[in-house]
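So the chains spell out like this:
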Amino acid sequence: MIETSPTGNAGATSSASEPVVLPPAKRALDVAVSASLLVGLAPVWAVVLGAMGLDMLRCPRDRGRLLYRERRISRGRPFDLLKLRTLRESVLAEAAGHVRPFEADAGNLTWAGRRVLKPLYLDELPQLVNVLRGEMSLVGPRPWPPELVERQLARGVDYRLRVTAGWTGPAQMSKGRDVEYESLDRAYLTLLETRPARDVVRHDLRILRRTLATMLRGEGLRY
């Protein structure tokens, strides 16, 4: 497990892993957009929760909680990532906090997860609450589990200790390999460190527009 110092950085690397100073305008964008989406998407929430409820009524093996938490790292700090449940409870227990490898098998998913949540990325919507809390930003590197961050640190790559994890981001939109994710994450870190706040906000808005378009087109996981 990653140990964080009082400044929020991880253990022995904390002195070399100074957090990036984020412009106040980025945080203002996070609050304004996440709050607006949480309220504006109320009809979507109703449909999603209704679909999950009906699924659990008709299929006993799909029954369980609506929301679950995964331990992740953001800016060197552990936090509980919120997600709508797409996997059966027995699979969640086996996953032990890292569900992504289990999502590729359609047999692991609930009917609502397979047909409604994953194709439209709707299982990610509760993370807007993480954004409002300041645990995440709208745009940034993917929030990884502690054990994966530790493997990255072992290679000398520490940007997940320096920048706030994102609900979406350049890497999430690429759908590429991990090495490509890392390259895009580093490029975003450079943007934060070198460009004025207006450029950061414009870039974040472009990523958010692409993300919402992807969701509306239903380009998530298909089974």
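I keep staring at the nonpolar core and nothing clicks. Help me out?
Buried together is how nonpolar side chains tend to be arranged in soluble globular proteins. Of all hydrophobic cores here, the largest spans 31 residues; its most connected members are Leu122, Leu125, Leu138 and Trp167. Among residues more than four places away in sequence, those in contact with leucine 122 are Val44, Val48, Leu84, Val116, Leu117 and Met215. Residues Leu87, Leu92, Ala95 and Val99 belong to the second largest nonpolar core, which totals eight residues.

Whenever I open this one, the pattern of salt bridges confuses me. Can you help?
Where charged atoms from two side chains of opposite charge come close, those side chains can pair. In the structure shown here, the tally under the stated rule is 17 salt bridges. Between arginine 65 and glutamate 89 there is a salt bridge whose closest N-O contact spans 3.0 Å. One end of the pair, arginine 65, is in the loop between α2 (42–58) and β1 (67–74); the other, glutamate 89, is in helix α3 (residues 89–95), with 24 residues separating them in the sequence. Residue glutamate 89 is classed as partly exposed on the basis of its relative accessible area, which comes to 24%. One salt bridge in this structure joins arginine 72 and glutamate 70, with 2.2 Å as the shortest N-O distance. Glutamate 70 shares its class with arginine 72; the two are buried. Salt bridges here are not isolated pairs; linked through shared partners, they connect Lys83, Glu103, Lys118, Asp123 and Glu124.

Help me understand the packing of helix α1 (residues 24–40) against α2 in this model?
Two quantities define a packed helix pair, namely the angle between the axes and the distance from one axis to the other. Orientation of α1 relative to α2, taken along the N-to-C sense of each, is 55°, at an axis distance of 5 Å. The angle between α1 and α2 falls in the class oblique. Residues Leu38, Val39 and Gly40 of α1 pack against Ala42, Pro43 and Trp45 of α2. Of the residues belonging to the contact of α1 with α2, the class tally is five nonpolar, one polar and no charged.

Parameters at a glance
- Residues numbered from 1 in each chain as written.
- Predicted model: local features only at pLDDT ≥ 70, side-chain atom pairs only at ≥ 80, totals over all residues.
- Heavy atoms only, no water.
- Core = buried A, V, L, I, M, F, W, Y, C linked by side-chain atoms within 4.5 Å.
- Buried < 20%, exposed > 50% of the residue type's maximum accessible area, 1.4 Å probe, protein only.
- Contact = heavy atoms within 4.5 Å.
- Salt bridge = Lys/Arg side-chain N within 4 Å of Asp/Glu carboxyl O.
- Helix = DSSP H or I, 4+ residues; strand = E, 2+ residues; numbered from the N terminus.
- Axes fitted to C-alpha atoms, helices over the stretch in contact; angles between N-to-C directions.
- Parallel < 35°, antiparallel > 145°, perpendicular 65-115°, else oblique.
- Nonpolar A, V, L, I, M, F, W, Y, C, P; charged D, E, K, R; others polar.

Such coordinate-based values are descriptive only and should not be taken to indicate function.
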